[in-house]
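Chain residues, written in single-letter form:
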Amino acid sequence: MNNGTVLDCQAWGGLYKKFRTRLVNSLSSSYCRADREDAVEFAFDKLMHRKDAVAYGDRFPRTEKDWFWNLYWQSRSFLSHMKHRSGLHAKYVESMSKEFEGTFDSGLQGVDMDAETCSEALARALEIFRVEQGISRRDLNVFVLRQRFQTPSKEIAVRYGITVSNVDVIRHRVGKLLRKHGPDCYARALGRAA
């Protein structure tokens, strides 16, 4: 196909047309089709634009079959990293929802909810609150450590590489926003109008 040089746009276009559907279908069906399509798009983008001939060393793809397998493994790598990141995010949301349990007041008297529904709503409310108010994960962690667990400001400052006064400012700012917007975020997380 080539002599060890990077492919031109026309050659990439040919490979894309020939391999795209086959690559998407060859990836694990445990991922939704959209994720598999994203993985293939990422693989083409990475190999076309971000990986030069030197990066391949003596294993530079020389045939269409070689290119197919390079694209395939790059796509699988993307899916694997995506799964890992989503697992980490799920653990983060779960831990934060536990730490914030009882912080939000639903204001919905007489509504019976099981523990799982409450926990899921708290996780959603926390994420809604964080995103809508532009609060970083670090600042949210600082707030939780200081407010819920009464961790000393000095300890938090050392842990996050900030000053003690920054810890107090973050606690105050996040607390004020939480009191103002938390109940609404929780109500929306439950699927109810505020």
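The structure this text deals with has already been given above.
Quick summary incoming for the structure in this document. The structure presented is a predicted model; accordingly, all values stated were derived computationally and were not measured.

The next subject is the overall build of the chain. Counting its secondary structure elements, the chain contains eight helices and zero strands. For the chain, the succession of helices and strands along the chain, N to C, is α-α-α-α-α-α-α-α. Within the chain, contacts between residues at least 6 apart in sequence are counted, and of these 69% link residues at least 24 apart. Of the roughly 11800 Å² of accessible surface on the chain, 51% is carried by carbon and sulfur atoms.

Close approach of charged atoms allows side chains of opposite charge to pair. Scanning the model with the defined rule gives ten salt bridges in all. Overlapping salt bridges, with partners in common, bring together Arg 20, Arg 33, Glu 37 and Glu 41 in one network.

Let us look at the packing of aromatic side chains. Tallied over the entire structure, the rule returns nine aromatic pairs. Both rings, one in Phe 19 and one in Phe 68, keep their centres 5.2 Å apart while their planes meet at 75 degrees; by these two values the pair is edge-to-face. With Phe 19 in helix α1 (residues 9-26) and Phe 68 in helix α4 (residues 64-99), this pair connects stretches of sequence that are 49 residues apart. No difference in accessibility class separates Phe 19 from Phe 68, as the two residues are buried.

Moving on: the packing of α1 against helix α2 (residues 33-50). Interhelical geometry of α1 versus α2 gives an angle of 150 degrees and a closest axis separation of 10 Å. Relative to α2, the element α1 lies roughly antiparallel. The handedness of the crossing between α1 and α2 is right-handed. Contacts between α1 and α2 pair Trp 12, Leu 15, Tyr 16, Phe 19, Arg 20, Leu 23, Val 24 and Asn 25 from the former with Arg 33, Arg 36, Glu 37, Val 40, Glu 41, Phe 44, Leu 47 and Met 48 from the latter. Of the residues assigned to the contact of α1 with α2, the class counts are ten nonpolar, one polar and five charged.

Further remarks concern helix α8 (residues 164-189). At His 181, α8 shows its largest bend, some 50 degrees, and a proline, Pro 183, comes one to four positions later. Among the residues of α8, Val 167, Ile 170, Val 174, Gly 175, Leu 177, Leu 178, Gly 182, Cys 185, Tyr 186, Ala 187 and Ala 189 are the ones counted as buried. In the stretch just after α8, Gly 191 is the one whose phi turns positive, near 85 degrees.

Scoring rules and cut-offs
- Residues numbered from 1 in each chain as written.
- Predicted model: local features only at pLDDT ≥ 70, side-chain atom pairs only at ≥ 80, totals over all residues.
- Heavy atoms only, no water.
- Helix = DSSP H or I, 4+ residues; strand = E, 2+ residues; numbered from the N terminus.
- Contact = heavy atoms within 4.5 Å.
- Areas by Shrake-Rupley, 256 points an atom, 1.4 Å probe, with all protein chains shown as cover.
- Salt bridge = Lys/Arg side-chain N within 4 Å of Asp/Glu carboxyl O.
- Phe/Tyr/Trp six-rings, centres within 6.5 Å; stacked < 30°, edge-to-face > 60°.
- Buried < 20%, exposed > 50% of the residue type's maximum accessible area, 1.4 Å probe, protein only.
- Axes fitted to C-alpha atoms, helices over the stretch in contact; angles between N-to-C directions.
- Parallel < 35°, antiparallel > 145°, perpendicular 65-115°, else oblique.
- Left-handed = near helix turned anticlockwise from the far one by under 90°.
- Nonpolar A, V, L, I, M, F, W, Y, C, P; charged D, E, K, R; others polar.
- Bend = angle between axes of the 7 residues up to and from the residue.

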